[in-house]
Amino acid sequence: MSPSSPKRGAGQWAVAWRRFRRNKSGLAGSAIVIFFVVVALVGPFVVAYPARSYLSLYEGDAGTPPSFKHPFGVEDSGIDVFSETVQSAHNDLYVGLAATLITTLIGVAVGALAGYFKGVVSDVLLGVIQMFFVIPVLLLILLFARVFSVLVFHGLGLTLIVLILAFFGWSGIAFIVRGETFRLKEMEFVQAARSLGAGSYRILFRHIVPNILSPVIVIATLNIAGFILTEVVVSFLGFGDPNTSTWGLLLNEGFPYVRTDWWVSIFPGLAVVFCVLGFNLMGDGLSDALNPRLRE
Amino acid sequence: MASLIRYIIRRLLFMIPVFLGVAILTFAVGNAAGNPINLIRAGLKNPNPAVLKALTDYYHLDQPVWKRFLYWLWDLIHGNLGVSLSGRPVISQIWPWTFTTLELQILSLILSIVIGIPVGVYSSKHQYSKADYAITGAAIFGYSMPTFWLGIMLIVIFSLDLGWLPSNGAVSVSYPWWGDNTLDWLAHLILPTAVLTYVSLATIVRLVRANMLEVMRQDYILAARASGLSERTVTYRYALRNAISPIVTIIGLGFGAAMAGAPALETTFSWPGLGYAFTQAALTLDIPLVEGITIVITVMVLIANLITDFVYAFIDPRVIVQ
């Protein structure tokens with residue numbers, strides 16, 4: 001639909017990028033995110049110890065504090081904390097990104113339908129969205145994770161956690177998309193499309209949804225941070241996958257020994273804080289860049 | 001007045017489907033294994049056949065699932081949450097936990113509101129100053145951090161290293177901390193309250209700041225200043241009143257999130273509350289207890305939301321008319 005003349009002014013994304021480039025904390029956040037993405041992609045191939053391996057036990061290094069050989073120390077069981085933290089980055093980013101991808105798709109679809117159409121269906125959808133705000137989501141996530149991992153889906157590992165997080169996590173984005181759709185559906189450009197004979201779904205997904213991408217991008221970025229934090233809690237409490245390296249699992253194993261082996265608790269925790277901080281800063285920066293209304 | 005009553009009734013009616021939704025979800029999970037007797041088998045190591053028979057009779061496990069749900073819902077509405085795997089009634093187990101959890105939650109909620117609003121206002125009045133950067137920096141750290149991890153760090157510093165404060169439970173078992181029962185209670189409260197306050201403080205400060213910045217740009221603020229009102233009056237009487245209404249909603253939702261976030265924090269401090277109990281019950285697959293705690297927390301969150309709605313209607317009467 002875009003008029004493709006060879007010479008045109010800066011598009012809205014170019015303008016947003018120019019604004020984002022000036023935002024120091026947003027750039028710092030992006031740098032942290034890029035760092036973690038690189039660690040997650042390259043790290044598992046270069047670290048000294050494979051995931052969940054007790055190799056250091058046989059080297060006589062179990063329970064030793066940080067040293068040159070083991071930068072983050074070793075657990076009592078012989079797990080090298082540095083290798084494990086690096087490999088956890090891979091898995092935790094997978095959880096954050098996969099859950100965000102699924103929730104964004106569900107949230108945009110449900111929100112757009114609930115905002116565009118009138119009647120019983122959209123009322124019910126709004127009710128369901130609001131219901132998810134009120135229910136104690138974390139408790140149900142823990143319960144689902146426990147029951148399903150015991151009985152129903154053996155060996156699904158982290159993907160089970162992703163699916164549960166996604167099931168309970170799509171309502172925020174749906175609520176925003178619904179509000180924005182509601183606001184846009186009577187605007188002139190939508191009426192123009194309608195008067196040209198465009199169908200409801202074409203109007204929704206070709207005209208309205210592209211115009212609400214900027215809040216969706218911002219919330220999705222912040223959601224990645226939120227899902228990573230939730231996964232850390234789930235694993236810390238012992239409801240995650242015990243065979244996959246995650247920061248939460250390391251914290252879970254480190255907590256009973258925190259009196260003596262403080263390094264098992266500190267380093268994975270710092271990794272979580274910086275990773276989540278990176279996504280939050282990036283999200284805030286994107287929010288400033290994409291919503292010029294909030295800028296002075 | 002009539003519209004206020006209609007508003008209240010509308011909010012009350014909304015609670016019914018929400019409550020039903022949570023009831024269905026928790027019940028469905030308990031029955032995800034088909035017959036919940038399978039779950040009980042997974043929870044108890046060596047179940048006694050007589051116990052299984054008794055449970056089957058008690059929970060009507062030989063009936064179809066929809067009938068069981070109705071039985072369960074009927075009991076629920078009458079305040080009967082069933083019997084946990086330990087053989088004790090769920091409801092009598094839950095009461096003491098509820099109070100220890102509420103004690104922690106309400107104290108930190110009050111503290112974070114009392115501290116958060118003035119700090120947020122200060123930060124917005126001194127935008128881009130050094131203090132503002134420090135405050136927003138501290139706030140963004142606050143919500144980028146797993147609550148329980150901050151708890152662990154504080155335990156390492158103040159309990160294990162310095163030995164100033166106790167790190168687990170709500171009271172001492174053997175002899176009271178600081179030699180007095182009231183001081184003992186206080187000493188146990190300090191660390192978990194500090195963690196919880198910091199985390200909810202972060203959200204509140206951030207929101208107050210953002211809303212104040214937006215409101216202070218409005219024309220009526222300019223008009224108020226032009227008519228010669230003091231900066232203090234303009235800030236607190238004119239701007240804050242308008243900046244605060246969205247914050248009330250967030251505090252209400254935040255209370256729900258905090259209640260649900262309790263498991264990790266309470267586990268870290270071995271705090272004998274609902275969250276800690278929920279974690280233990282879920283790990284041991286004590287489904288009746290898990291369902292009971294979920295329902296109690298849901299009811300508390302719904303009540304908190306109702307209070308939020310009333311406060312909101314009081315601050316911003318426009319919502320009643322809609």
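Residues numbered from 1 in each chain as written. Chains lettered and ligands numbered in written order. Predicted model: local features only at pLDDT ≥ 70, side-chain atom pairs only at ≥ 80, totals over all residues.

**With respect to the overall build of chain B**
Helices and strands together make up the secondary structure of chain B, namely 14 helices and 0 strands. In chain B, the succession of α and β elements from N to C terminus is α-α-α-α-α-α-α-α-α-α-α-α-α-α. Considering chain B as a whole, with its 322 residues, one finds that 39% of them fall into the buried category. Counting only contacts in chain B whose residues sit at least 6 apart along the sequence, the fraction spanning at least 24 positions is 71%. (Helix = DSSP H or I, 4+ residues; strand = E, 2+ residues; numbered from the N terminus. Buried ≥ 20, exposed ≤ 12 C-beta atoms within 10 Å, placed from the backbone. Contact = placed C-beta atoms within 7 Å.)

**A few points about the overall build of chain A**
Scanning chain A from N- to C-terminus turns up 13 helices and 0 strands. In sequence order, chain A lays out its α and β elements as α-α-α-α-α-α-α-α-α-α-α-α-α. Principal-axis analysis of the C-alpha atoms places the extent of chain A at approximately 75 × 50 × 30 Å. Put simply, of all contacts in chain A between residues at least 6 apart along the chain, 72% involve residues at least 24 apart.

**Brief notes about unusual backbone geometry**
Look at Y128 of chain B: it is not a glycine, yet its phi comes out positive at around 65°. Take Y128 of chain B: it is sitting in the loop between α5 (90–125) and α6 (130–142).

**A closer look at the interface of chain A and chain B**
On the side of chain B, 42 residues touch chain A, which itself brings 39 residues to the contact. Of all the elements, helix α6 (residues 137–152) of chain A adds the most residues to the side of chain A that touches chain B, at 13 residues. Of the residues that constitute the side of chain A that touches chain B, the class distribution is 32 nonpolar, 5 polar and 2 charged. (Nonpolar A, V, L, I, M, F, W, Y, C, P; charged D, E, K, R; others polar.)

**As for the nonpolar core**
Grouped together as the largest cluster of nonpolar side chains are 152 residues, with contacts concentrated most on I141 and L142 of chain A together with I293 of chain B. Broken down by element, the residue count for this core peaks at 15 residues, all from helix α13 (residues 262–290) of chain A. (Core = buried A, V, L, I, M, F, W, Y, C linked by C-beta atoms within 7 Å.)

**So, α6 of chain B**
Compared with an ideal rise of 1.5 Å per residue, which puts 13 residues at 18 Å, α6 of chain B spans 18 Å between its outermost C-alpha atoms and is within 8% of the ideal. Listing the buried residues of α6 of chain B in full gives I135, T136, A139, I140 and G142 of chain B. The buried side chains of α6 of chain B occupy one side of the element, clustering within an arc of 150° when seen end-on. In this structure, α6 of chain B carries K130, A134 and G137 of chain B as exposed residues pointing more than 90 degrees from its buried face. Those residues of α6 of chain B that are buried lie in contact with α13 of chain A together with α5 and α8 (181–215) of chain B. (Expected span 1.5 Å × (residues − 1). Arc of directions from axis to C-beta.)

**Quick look at the environment of P215 of chain A**
Counting through the fold element by element, P215 of chain A comes out in helix α11 (residues 213–236). In this structure the C-alpha to C-alpha distance between P215 of chain A and G226 of chain A, which are 11 residues apart in sequence, comes to 16 Å.

**Describing the confidence of the model for chain B**
With 88% of its residues at a pLDDT of 70 or more, chain B shows a mean pLDDT of 80. Element-level mean pLDDT values for chain B span from 65 in helix α2 (residues 37–43) of chain B up to 87 in helix α12 (residues 274–283) of chain B. (pLDDT = per-residue confidence, 0-100.)

**Section: the environment of I224 of chain A**
Mapping I224 of chain A onto the fold places it in helix α11. Sequence separation between I224 of chain A and V276 of chain A is 52 residues; the distance between their C-alpha atoms is 8.1 Å.

**Topic: the environment of G87 of chain B**
All names here are of chain B. With respect to the element layout, G87 can be found in the loop between α4 (65–77) and α5. On the neighbour-count criterion, G87 (8 C-beta atoms within 10 Å) is exposed. In sequence terms G87 and S144 are 57 residues apart; their C-alpha atoms lie 41 Å from each other.

**A look at the packing of helix α1 (residues 2–30) of chain B against helix α13 (residues 287–315) of chain B**
Residue and element names in this part refer to chain B. Two numbers describe how α1 lies on α13: the axes approach to 10 Å, and their chain directions differ by 160°. Overall, the two elements α1 and α13 adopt an arrangement that is roughly antiparallel. Of the two possible hands of crossing, α1 and α13 adopt the one that is right-handed. Within the contact between the two elements, α1 uses L4, Y7, R11, M15, V18, F19, V22, A23, T26, F27 and G30 and α13 uses I287, E291, T294, I295, T298, L302, L306, D309 and A313. The class makeup of the residues in the contact of α1 with α13 is 13 nonpolar, 4 polar and 3 charged. (Axes fitted to C-alpha atoms, helices over the stretch in contact; angles between N-to-C directions. Parallel < 35°, antiparallel > 145°, perpendicular 65-115°, else oblique. Left-handed = near helix turned anticlockwise from the far one by under 90°.)

**Observations concerning the packing of α11 of chain A against helix α12 (residues 247–254) of chain A**
All names here are of chain A. At a closest axis distance of 7 Å, the pairing of α11 and α12 adopts a crossing angle of 35°. Handedness of the crossing formed by α11 with α12: right-handed. Of the residues in α12, those touching α11 at E231, V232, V233, V234, S235 and F236 are W247, G248, L249, L251 and N252. Its residues placed into classes, the contact of α11 with α12 shows 7 nonpolar, 3 polar and 1 charged.

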